Amino acid sequence: MVMVRALSTPRMVVCELDDSEHARRQDAGLLPTADALLLHCRAHVEPSFLKRPSPIRIRGAVAARASWQSARANLAEFAAFGARVAVLPARIAHRDGVRAEAIYHGFGLVTAEQPHEVIQPPDTRVGAGRTWVHRLVEEVVYDAVLSQQAAQRQDLGIQAFMKAGGSQVM
């Protein structure tokens, strides 16, 4: 899971790397194309770019919110990209009106309290039609995943340095 601003809204996206395409792009030194204008330029110069597999597979998005309206607003635009799950307080998630709307819109519902209860599974069917916007969102998520990995490596490096006695002033 990675927090990313996709389609101008911050959201938690569930995704996985396509290891072979990621490795190919790393070997070629190809950075994520996470800007709409840059994506159009790249597609113009290299038309096969949009036909290549994406380096990331988006499975869906999760919104943990205090209200159904807030979760629905955060996830509404994401229907074309994957499953959508709202994590809500149990007293809200169990309301008949919330459950009915979740079913109608294809949202999954999970309670926020332990143990998490799946009230409604998400609709996992995503429309077959792909546009350049799908690729743009994938590239934005790919960029966020790479940034998250870099931050984790940096944190591990700092921890190793501290354990090796690097915090001592000489």
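Note: the structure precedes this text.
Residues numbered from 1 in each chain as written. Predicted model: local features only at pLDDT ≥ 70, side-chain atom pairs only at ≥ 80, totals over all residues. Heavy atoms only, no water.

**Concerning the nonpolar core**
So, point 1. Grouped together as the largest cluster of nonpolar side chains are 34 residues, with contacts concentrated most on Val 13, Trp 68, Phe 78, Leu 88, Leu 109 and Val 141.
So, point 2. If one sorts the elements of this core by residue count, helix α6 (residues 132–163) sits on top with eight residues.
So, point 3. When residues no more than four places from it in sequence are discounted, the contact partners of Val 13 are Met 1, Val 2, Val 4, Ile 58, Gly 60, Ala 61, Phe 78 and Val 141. (Core = buried A, V, L, I, M, F, W, Y, C linked by side-chain atoms within 4.5 Å. Buried < 20%, exposed > 50% of the residue type's maximum accessible area, 1.4 Å probe, protein only. Helix = DSSP H or I, 4+ residues; strand = E, 2+ residues; numbered from the N terminus. Contact = heavy atoms within 4.5 Å.)

**Considerations on the pairing of strand β2 (residues 9–17)**
So, point 1. The alternating pattern of β2 places Thr 9, Arg 11, Val 13, Cys 15 and Leu 17 on a buried face, while none of Pro 10, Met 12, Val 14 and Glu 16, on the opposite face, is buried.
So, point 2. When strand β1 (residues 2–6) meets β2, the two strands line up antiparallel, connected through five bridges. Bridge pairing in β2 places Val 4 opposite Arg 11.
So, point 3. Two successive antiparallel strands, β1 and β2, enclose a turn made up of two residues, where Leu 7 displays a positive phi of approximately 60°. (Pairing = 2+ DSSP bridges.)

**Some points on the pattern of salt bridges**
So, point 1. With the rule as written, the count across this model stands at 11 salt bridges.
So, point 2. Between Arg 57 and Glu 16 there is a salt bridge, and its shortest N-O distance comes to 3.6 Å. Of this pair, Arg 57 sits in strand β3 (residues 56–64) while Glu 16 sits in strand β2, placing them 41 residues apart in sequence.
So, point 3. Judged by its relative accessible area of 32%, Arg 57 is partly exposed.
So, point 4. For Glu 16, a relative accessible area of 32% puts it in the partly exposed group.
So, point 5. Where Arg 59 meets Glu 16, a salt bridge forms, and the shortest distance between an N and an O atom there is 2.2 Å. Residue Arg 59 is found in strand β3, and its partner Glu 16 is found in strand β2; the two are separated by 43 residues along the sequence. (Salt bridge = Lys/Arg side-chain N within 4 Å of Asp/Glu carboxyl O.)

Structural measurements only, silent on function.
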